[in-house]
Amino acid sequence: MNSKSPTDLYFDQLRDLYSVESQVILTLPELAAATGPSPLREFLQGQEPLAMRRKRHLQGIFKRHHAPSDGDICEGMKGLIHGGNRHIAMAKDPVVRDLLLIAHCSRIKHYEIAAYQFAATLAGYLDYPKDLDTLTEMLGEAKEAEGRLEVFASGMFSCKR
């Protein structure tokens, strides 16, 4: 990170998000395959095109500002994905595995929520209204997905197994 100014920090944060979305796109098929046919699997499969769309939106922001999108690997997301995937792979019981999937995806969404919230705050501070609108929309998507994960978890805990 070479953030010498709020603008530098803003683009650093966007590159972090770009890396996050790239990593999420790569892991979602594996996560969806880890659960049996279910609403959870459908949800996970539906997240991939949304992540691709968010990545395209981020590319649009970079293009609008003539800034590079590459050069960052989000180590935080890399660690979250690796650790969660490792635990999921070790789970033999399908209920435990689905609960781990929900927890894992929830952690990923919490990271996205924090990152999009901060990037949106910086966009507002820097007076980038188009960016602010785009980032706020993506923040809303992350919050909505997190809400759906909470519903899945609640539903699983309400069923005595």
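Residues numbered from 1 in each chain as written. Predicted model: local features only at pLDDT ≥ 70, side-chain atom pairs only at ≥ 80, totals over all residues. Heavy atoms only, no water.

A. Just the environment of Leu 132, in detail. Along the polypeptide, Leu 132 turns up in helix H5 (residues 129-158). Residue classification places Leu 132 among the partly exposed positions, given a relative accessible area of 28%. Put simply, Leu 132 and Tyr 116 are 16 residues apart on the chain and 9.9 Å apart in space, counted from C-alpha to C-alpha. When residues no more than four places from it in sequence are discounted, the contact partners of Leu 132 are Ala 120, Ala 123 and Gly 124. (Helix = DSSP H or I, 4+ residues; strand = E, 2+ residues; numbered from the N terminus. Buried < 20%, exposed > 50% of the residue type's maximum accessible area, 1.4 Å probe, protein only. Contact = heavy atoms within 4.5 Å.)

B. How the structure looks around helix H4 (residues 94-125). Compared with the 46 Å implied by 1.5 Å per residue over 32 residues, the 46 Å span of H4 between its first and last C-alpha is a close match. The N-cap residue of H4 is Asp 93: its side-chain oxygen and the backbone nitrogen of Val 95 are 2.9 Å apart. In the segment just after H4, Asp 127 is the residue with positive phi, at about 60 degrees. (Expected span 1.5 Å × (residues − 1). Polar contact = N/O pair within 3.5 Å; in protein donor to acceptor, adjacent residues only side chain to side chain.)

C. Broad picture of the pattern of salt bridges. In total, this model carries six salt bridges according to the counting rule given. With its nearest N and O atoms 2.8 Å apart, the salt bridge here joins Glu 21 to Arg 54. With a gap of 33 residues between them, Glu 21 in helix H1 (residues 6-33) and Arg 54 in helix H2 (residues 39-64) connect regions that are remote in the sequence. The class of Arg 54 is buried, set by a relative accessible area of 1%. Between Arg 53 and Glu 141 there is a salt bridge; the shortest N-O distance is 1.8 Å. You can see Arg 53 sitting in helix H2 and its partner Glu 141 sitting in helix H5, a full 88 residues away along the chain. For Arg 53, a relative accessible area of 23% translates into the label partly exposed. Relative accessible area serves as the criterion here: at 15%, Glu 141 is assigned to the buried category. Each of Glu 21, Arg 53, Arg 54, Glu 137 and Glu 141 takes part in one network of salt bridges that share partners. (Salt bridge = Lys/Arg side-chain N within 4 Å of Asp/Glu carboxyl O.)

D. Seen up close, helix H3 (residues 75-90). Between the first and last C-alpha of H3 there are 23 Å, a value that for 16 residues agrees with the 22 Å anticipated at 1.5 Å per step. For H3, the full list of buried residues reads Met 77, Ile 81, Gly 83, Gly 84, Asn 85 and Ile 88. Looking at the buried side of H3, the elements it contacts are H1 and H4.

E. Inspection of the packing of aromatic side chains at higher detail. Scanning the entire structure with this criterion turns up five aromatic pairs. Plain terms: the ring middles of Tyr 10 and Tyr 128 are 5.4 Å apart, the flat faces sit at 45 degrees to each other, and that makes the pair tilted. Taken together, the residues Tyr 10 in helix H1 and Tyr 128 in the loop between H4 and H5 connect sequence positions 118 residues apart. Ring plane angle 40 degrees and centroid distance 6.4 Å describe the contact between Phe 11 and Phe 62, whose orientation is recorded as tilted. Within this pair, whereas Phe 11 is found in helix H1, its partner Phe 62 is found in helix H2, the two being separated by 51 residues in sequence. A relative accessible area of 10% means that Phe 11 is categorised as buried. Aromatic rings pair up to connect Tyr 10, Phe 11, Tyr 18, Phe 62 and Tyr 128 into one cluster. (Phe/Tyr/Trp six-rings, centres within 6.5 Å; stacked < 30°, edge-to-face > 60°.)

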